[in-house]
Amino acid sequence: MTTPKKICILGSGNWGSAIAKIVGSNVTKFDTFDNEVRMYVYEEMVDGRKLTEIINTTHENVKYLPGKKLPSNVVAIPDVVDAALDADVIIFVIPHQFIRKICQPLIGKLKPTTVGISLIKGFDLKEGGGIVLISHLIKEVVNIPVSVLMGANLAGEVAEEKFCETTIGCRDVEVGKMYRNLIQTDYFRVVVVDDVEAVEVCGALKNIVASGAGFVDGLGYGDNTKAAVIRLGLMEMIKFCEVFYPGSKLGTFFESCGVADLITTCYGGRNRRVAEAFVTSGKSIEELEKEMLNGQKLQGPYTAAEVNHMLKAKGMESRFPLFTAIHQICLGVIPPSGMIDCIRNHPEHMCSFDKQHTSVSGSHE
Ligand SMILES: NC(=O)c1ccc[n+]([C@@H]2O[C@H](COP(=O)([O-])OP(=O)(O)OC[C@H]3O[C@@H](n4cnc5c(N)ncnc54)[C@H](O)[C@@H]3O)[C@@H](O)[C@H]2O)c1
């Protein structure tokens, strides 16, 4: 019999804790997994006590997932190397701003057979321009194969065990089956696909679109307007993959990681909520992040800046007018009403008879 796989979760925010609840329960159902799940927790003081101590005694992450019990076999550990050292499987689930810092101490310390899966939405910036997928960054830094999990998965609803679907991007069939055993439940259904990059790009870009949805909500427009933002956002997400990740499959955009995650984020997520308040309060994104999110992190405005950096470097801003306008609104370069001008004049409003002379990526044939 093979040795049971040890699981480590790097991250313990809202999503990290919700996934710990699932994984902690699932490892006890299969002989193939070790029963202890080690969870790296960024140490913070909460009401005068260490968060790790609170989690290990009350089995609740009172700061990031209050009111939900974690299984007692999930052990909170404040040191990233202690948490990950012997792991066979590492689940990366921290805001993308911190991923480099978390990976650095692990260089050269992991077992050669360790595999990873990233639940992180966002990109990192390449030195000298361009973006790096977080799964590629992790692979580059700690030298392990990295799959991804993305989907219409608002953490609070998953923690409440309300039904949802998710998408895992994984090229190795056996590893994909292992991830399904580790993560699937009767209320959290997993579909594994091999189009790994497109799954991850969907997860990052939808947060930009959600900021746009929040702006039109803040401006007092209705659901029809928001549907236009969602549709045009989806078109730009598809075009982004065509241009930068050629070979991506259109079908991937119809998995949970694509259209479903886009819809749920544009109605329910924190990026939409903060963008709405940005319009109605006149405060900066940074102020609102501090005021509204209790330590949680925003992704939309940062991802918009990272994407803009890449588009600008390639002279492509005008081909992605929605992404570009959202970035400019976050910076205060144009007012929030610029969102309406952008969707009104969007090139995707061309009729079929206009399109006859234009190729998919927008250049004239
Ligand atoms: N929350 C959701 O509904 C959801 C759903 C799907 C995917 N995601 C993605 O999962 C990832 C993690 O999000 P989350 O919701 O678990 O986190 P979060 O925003 O709820 O929490 C912030 C986390 O960052 C940690 N942190 C704060 N300062 C830090 C520092 N200086 N160094 C290291 N860590 C620090 C905190 O301890 C906490 O674990 C993100 O990429 C997010 O997009 C979130």
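Cut-off values and rules
Residues numbered from 1 in each chain as written. Predicted model: local features only at pLDDT ≥ 70, side-chain atom pairs only at ≥ 80, totals over all residues. Heavy atoms only, no water. Near = heavy atom within 4 Å. Polar contact = N/O pair within 3.5 Å; in protein donor to acceptor, adjacent residues only side chain to side chain. Areas by Shrake-Rupley, 256 points an atom, 1.4 Å probe, with all protein chains shown as cover. Nonpolar A, V, L, I, M, F, W, Y, C, P; charged D, E, K, R; others polar. UniProt positions renumbered as here; feature names shortened; annotations may be inferred. Helix = DSSP H or I, 4+ residues; strand = E, 2+ residues; numbered from the N terminus. Buried < 20%, exposed > 50% of the residue type's maximum accessible area, 1.4 Å probe, protein only. Contact = heavy atoms within 4.5 Å.

J.: I'd like a rundown of the site of the ligand, residues and numbers included.
T.: Surrounding the ligand, one finds 24 residues, the nearest of these being N14, W15, K101, A155 and R270. Measuring from an oxygen atom of the ligand, one finds a side-chain N or O atom of E44 at 3.4 Å. Here a nitrogen atom of the ligand sits 2.8 Å away from a polar atom, N or O, in the side chain of R270. Against a free-state accessible area of 830 Å², the protein chains account for coverage of 93% of the ligand. Of the residues contributing to the shell around the ligand, the split by class is eleven nonpolar, eight polar and five charged.

J.: Lay out the UniProt feature "binding site: substrate" (unreviewed entry) in the protein with the relevant residues and their values.
T.: UniProt annotation of "binding site: substrate" (unreviewed entry) refers to K121, R270 and N271 when read in the numbering used here. The named residues occupy 151 residues along the chain; their greatest pairwise C-alpha distance, 13.1 Å, places them in one compact cluster. Assignment of secondary structure puts R270 in helix α11 (residues 270-281). Classification of R270 by relative accessible area gives partly exposed; the value is 22%. Beyond its immediate chain neighbours, meaning those up to four positions away, R270 contacts N14, L293, Q296, K297, L298 and Q299. Relative to the assigned elements, N271 resides in helix α11.

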